[in-house]
Amino acid sequence: MPFEFAVALRYLRSGRLQTVLIFSGVAVGIVVFTFMAALINGLAVTLTNDVIGNLAHVRLEPTPRVPRQLDDVAGLRTLLAVQRGNEPRAAINGWRSFVATAEAMPGVIKVAASVSGSGFTQRGEKIVPISVTGYEPGKESEMIDLAAGIVRGTSALASGEVLIGVTMADELGVTTGQRLRIRSDRGRERTLVVRGIFDVGNATVNQRAVFTDLSTAQGLFELGGAVSRIEVKLADVFSAPIVAERLGALTGLDAVDWIKENARLQDALRAQGSTGDVVKFFAVLLIIIAVASQLLLSALRRSAEIGIMRSMGVSRSSITVIFVTQGFLIGLLGSALGAGLGYGFATFLARVTLRPDGSRGLPVDPALGEYWLAIGIATVAATLAAVLPARIASGVDPVEVIQQ
Amino acid sequence: MSDVVLRVAGLTKTYRDGEVETEVLKGIDLDFRRGEFVALMGPSGSGKSTLLTILGTLLKPTTGEVELVGNQLSALDDHEVTRFRNEHIGFVFQFHHLLPDFTALENVIFPSLPRRSRDPGADRVRALELLRRVGLADRSDFRVTKLSGGQKQRVAVARALMNSPDIILADEPTGNLDRETGELVLGLMRELCAELGTFFLISTHDEAIAARSDRVVRILDGRVVPEEQAAAALDH
């Protein structure tokens, strides 16, 4: 072991109370750092999951049919208004090959073709606007986890059946096994049996969404064998823009990713992250100030010893190394202690605020505490904080010490 | 001539404080031989401490040359001077100046630590032998703060000898000890000087030390003076 390291270690061991205090200071700073990371990152994951839990991460859609004005006739001005008609909406034909293409893409975990559109449902005198989505049998729960949210009945749909949300069921006074008349915006009507009632924790979905099988939806919206879109879920939700770009290029369809559609969520997450970064910055700044002041005091208190060491032939650089090593050890060991305490604290809070349904009362995720990053930053910061005291210590004039 | 371990020629030292210049050493010429035990005497402010500090390579002279075991110190850079000091010079201070966080054994070993090539096992054996030689073998694992004044000074003597230096510079080594303990430490240094052939230069006001020295160098007003002149100056 280099003697500078041994001396640094001895200095830390011999100044017990001061060492305990400075280690505690660093550890508390790291508890703040890691707890903020666990909270902010946990909150980001919770918010993201809440938003995209009921969304496809990437949607492949046909290019919309937009009516256009005919070219001007030479010499005449055209004074025509362009209005949209009620022609069948753009749809994806031959969608199975696109589904296969999406399924083959790395990072893609679920793919489902769907038909969607709006309409009304009526029961008795009550009329409710609805959003209808049809999936292939067995794929109802691929995008929204309907199976997990079923509160009555079942999520497995057969032809002529629907799933509706709890709010809509209450509004219409309907339950499983009863019938609903549905009219699409294309004017088609079908009477469908309520197969299940769900609660997915999203008010809009619970109130307005109706899920049915693909063929029923194709009939309601006059799509024949085509689909409205292909929905994709990804293992890494933040890779959505890249995957969307690739799928768009491969299929020639319009590919829309969830991040682009939720820019305000991204802004909110970034703002939240920045707030966390500010708190973490001040935690690290406090560590730097604490370590620098502690070692500065040590350098002044030990100036006589340093002078004697210099007279014994210990070089200035060795004195510097002794103090910088102390900073390094304080940073490394103090932050390791703090990371352990931070993990324990985050775990404790996550447990005590756990709700009976298993959801988190406080969005702290102990796994997202950035512990290694905290240890790395604190170690580097404490080492750098030791440089000034080390320079002062190495500048001690042995002659002054001896003459004192 | 090969016996000369330390040679000082034309040494001057002037301190500057703004516009004020104070000439502390005014041309010192001295030769010291291996195995000599020399007392450096003079009244306070005569320049003894400054001379000792320059000989210990802790301070640079204004003019003149110091040659230690054949090396012109002015030719060495700071890093080389530090290494040279570690290898060739040992210090004993009036207030022992031991490292309080270390044991007696660790204090004695300490000067060997900065050496590039060292054998920790052999260093430990040598340090223990030196502690035995100064009568503190049974105190080797004691924190130095637990030792008496005389014991601390004996540890300091052992520490000064750790790297087998060519010269030992001692500044009032018995000045902070009672007479009996002082006699003990002085006797020990005298023995080690004879036994190891190390040159000892003892800065002191104590005539008893002068009486037990091979030679006395007296300094007065920054100059080496003959015994009679020094005595006359003191009489006035």
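Nothing here was measured: the structure is a model prediction, and the numbers come from that model.

Rules behind the numbers
Residues numbered from 1 in each chain as written. Chains lettered and ligands numbered in written order. Predicted model: local features only at pLDDT ≥ 70, side-chain atom pairs only at ≥ 80, totals over all residues. Heavy atoms only, no water. Axes fitted to C-alpha atoms, helices over the stretch in contact; angles between N-to-C directions. Helix = DSSP H or I, 4+ residues; strand = E, 2+ residues; numbered from the N terminus. Left-handed = near helix turned anticlockwise from the far one by under 90°. Contact = heavy atoms within 4.5 Å. Nonpolar A, V, L, I, M, F, W, Y, C, P; charged D, E, K, R; others polar. Buried area = accessible area lost by both parts, 1.4 Å probe. Salt bridge = Lys/Arg side-chain N within 4 Å of Asp/Glu carboxyl O. Polar contact = N/O pair within 3.5 Å; in protein donor to acceptor, adjacent residues only side chain to side chain. Phe/Tyr/Trp six-rings, centres within 6.5 Å; stacked < 30°, edge-to-face > 60°. Buried < 20%, exposed > 50% of the residue type's maximum accessible area, 1.4 Å probe, protein only. Lys NZ or Arg CZ within 6 Å of the ring centre and 35° of its normal. 1 Å grid on protein atoms, 1.4 Å probe; cavity = no way out; pocket = protein on both sides within 12 Å on 5 of 7 lines; lining within 4 Å. Points joined across faces, edges and corners; volume = space filled by probe spheres on them.

Undergrad: Tell me about the packing of helix H12 (residues 316-352) of chain A against helix H14 (residues 387-394) of chain A, residues and numbers included.
TA: Residues and elements named next belong to chain A. Axis separation between H12 and H14 bottoms out at 8 Å; the angle between their running directions is 145 degrees. The two elements H12 and H14 cross, and the hand of that crossing is right-handed. In contact with Arg-316, Ile-319, Thr-320, Phe-323 and Val-324 of H12, H14 contributes Val-387, Ala-390, Ala-393 and Ser-394. Of the residues in the contact of H12 with H14, the class split is six nonpolar, two polar and one charged.

Undergrad: Which residues make up the interface of chain B and chain A, and what are the values?
TA: Of the residues lining the interface, 19 residues belong to chain B; the matching set on chain A comes to 20 residues. Roughly 2,000 Å² is buried in total at the junction of chain B and chain A, and carbon and sulfur atoms are behind 67% of that figure. Of all residues in chain B, the largest losses of buried area upon contact with chain A belong to His97(B), Asp101(B) and Phe110(B), amounting jointly to 24% of the total for that side. One can count two salt bridges joining chain B with chain A. Where chain B touches chain A, the interface holds seven residue pairs in polar contact (both at pLDDT 80 or more).

Undergrad: Account for the packing of aromatic side chains, with residues named and values stated.
TA: In the structure shown here, the tally under the stated rule is 12 aromatic pairs over all chains. Taking 4.8 Å as the distance between ring centres and 25 degrees as the angle between the ring planes, the aromatic pair formed by Phe32(B) and Phe199(B) counts as stacked. With a gap of 167 residues between them, Phe32(B) in strand S2 (residues 20-33) and Phe199(B) in strand S8 (residues 199-204) connect regions that are remote in the sequence. No difference in accessibility class separates Phe32(B) from Phe199(B), as the two residues are buried. Through a chain of ring-to-ring contacts, the aromatic side chains of Phe3(A), Tyr11(A), Phe102(B) and Phe110(B) assemble into a single cluster. Stacked on the ring of Tyr11(A), the Lys or Arg Arg302(A) has its end atom at 3.7 Å from the ring centre. Between Arg139(B) and the ring centre of Phe142(B), over which it is positioned, the NZ or CZ distance is 5.1 Å.

Undergrad: Help me get a handle on empty space enclosed by the protein, residues and values and all.
TA: One pass over the full model with this rule turns up four cavities of 30 Å³ or more. Approximately 120 Å³ is the volume found for the largest cavity. In terms of lining, the largest cavity is formed by 14 residues, of which the most central are Met312(A), Ile89(B), Gly90(B), Phe91(B) and Pro111(B). For the lining of the largest cavity, the leading source of residues is strand S6 (residues 89-92) of chain B, giving three residues. Taken together, the residues that form the lining of the largest cavity break down as eight nonpolar, four polar and two charged. Its volume calculated, the second largest cavity comes out at about 100 Å³. Surrounding the second largest cavity, Ile402(A), Gln403(A), Ser49(B), Leu52(B), Thr53(B), Leu58(B), Phe91(B), Val92(B), Phe93(B), Leu169(B), Ala170(B) and Asp171(B) form its lining.

Without other data, these values stay purely geometric and don't point to any function.
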